[in-house]
Amino acid sequence: MKTKLLFRSLIAFAALIVASISFANDAPEVSVAMALAMNELAEKELIKHFRHAGTWLARVPSKNNWVNNDVIKLTDIGADPAVLINNNTYPINVSSRADDSVVVSLYKYDTENTKISDDEVYALPYDKVGSVQMQHRETLEEETEAHALHSLAPIEDSTNTPVIVTTGELVDGRRRLISADLVTLKKKLDLLKVPKAGRCLVLSADHIADLLLEDKKLDVQYQNHTDGMIARNYYGFELYESVFSPVYSAAKAKIAYGSATEGLAASILFHAKTTAKARGTVKRYMGKAEDDPQNRETVVGFRLYFLAIPMRAKGQGAIIDATE
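Asks: Whenever I open this one, the pairing of strand β19 (residues 317–320) confuses me. Can you help?
Replies: A two-sided burial pattern is seen for β19, the buried positions comprising Gly317 and Ile319 on one face and Ala318 and Ile320 on the other. Direction of pairing for strand β6 (residues 163–165) relative to β19: parallel, over a ladder of three bridges. Looking at β19, one finds that valine 163 is bridged to alanine 318. One ladder, built from three bridges, connects strand β16 (residues 267–271) with β19; its direction is antiparallel. Bridged to serine 267 within β19 is isoleucine 319.

Asks: What am I meant to see in the environment of lysine 188 here?
Replies: You can see lysine 188 is positioned in helix α5 (residues 179–191). With 28 residues separating them along the chain, lysine 188 and asparagine 160 place their C-alpha atoms 8.9 Å apart. Those residues within four positions of lysine 188 in sequence are excluded, and the remaining contacts are Pro162 and Ile164.

Asks: Can you help me understand the environment of glutamine 316 in this one?
Replies: Structurally, glutamine 316 is set in the loop between β18 (297–310) and β19. Looking at glutamine 316, the relative accessible area reads 8%, which means it is buried. C-alpha separation for the pair glutamine 316 and cysteine 200, spaced 116 residues apart in sequence, amounts to 9.4 Å. Engagement of the side chain of glutamine 316 in a polar contact is seen with the backbone oxygen of leucine 152, the distance being 2.8 Å.

Asks: Just to check I follow, could you spell out the pattern of salt bridges for this structure?
Replies: Pairing between side chains of opposite charge can happen when the charged atoms of each approach one another. A complete count under the given rule lists 12 salt bridges for this structure. Arginine 59 serves as the salt-bridge partner of glutamate 238, at 2.8 Å between the closest nitrogen and oxygen. Here glutamate 238 is found in strand β13 (residues 237–241), whereas its partner arginine 59 is found in the loop between α2 (28–49) and β1 (67–68), with 179 residues between them in sequence. Looking at glutamate 238, the relative accessible area reads 16%, which means it is buried.

Calculation rules
Residues numbered from 1 in each chain as written. Predicted model: local features only at pLDDT ≥ 70, side-chain atom pairs only at ≥ 80, totals over all residues. Heavy atoms only, no water. Buried < 20%, exposed > 50% of the residue type's maximum accessible area, 1.4 Å probe, protein only. Helix = DSSP H or I, 4+ residues; strand = E, 2+ residues; numbered from the N terminus. Pairing = 2+ DSSP bridges. Contact = heavy atoms within 4.5 Å. Polar contact = N/O pair within 3.5 Å; in protein donor to acceptor, adjacent residues only side chain to side chain. Salt bridge = Lys/Arg side-chain N within 4 Å of Asp/Glu carboxyl O.

As far as function goes, none of this settles anything; it's purely spatial.
Right, dumping it as structure tokens:
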């Protein structure tokens, strides 16, 4: 079935290209319509593949249906109702639930334009325009993943958003992450009554290495020896790994995204049920070589609106390296 659908999509895409060539010299309104159709197809292709499949971000619930004009309305649900056991007192108390709503604008991500000259296209045995568009999509996926992890990381250490430090062996100016540190973080979450299902821990590159080294020494099975990957669940955490690590100061405060300030790379904890991600408008910007007689270059760029944030300041956490 998937093969048939793919084949049909390719036929439709090829037909669209042929039609655009056939009508290139026809009435201006026809050319404009075909250009709009090609743009729409490219945008739909980007959306279809923009899934962050196989990454920790796939664990964050999608709220695309909450988006309107690239703005999302989030609701912080109020306190849970009390549960009465073997109640024999009536009438049962009635309480209201106070919900808070906040409207948040999605972040706007623009790729820098890429130019492709007609000379390049003529000499190459592959579709460079298609390759460039795929590269833009992959770059947008990487950038939004990195920014999303920074957004889900707690701003600072607090009672509801613990930021703990590693306590392992001091090597090259940093203490390694050990199993006892995960136990410490687990206990803090238990005291906060954060539900056990949905605790996701995204490990930094250093912390993954630390756990694998401890696995080798103590055979504690952080590593799934069947496929050589980090275990998916340990101490109640769903374990993920990422090369994009938010950084913190020694005072346990998160450093701004994209800042040149050096800091301590962190592993980030979030609770899946209290996070949300949303995608808004996707737009392709394209100038064709035939419309640029001086340079004869095709120029391509994309704009995407996206956001991933915690819905409440509870259930977030981080682990940073101790340096002494």
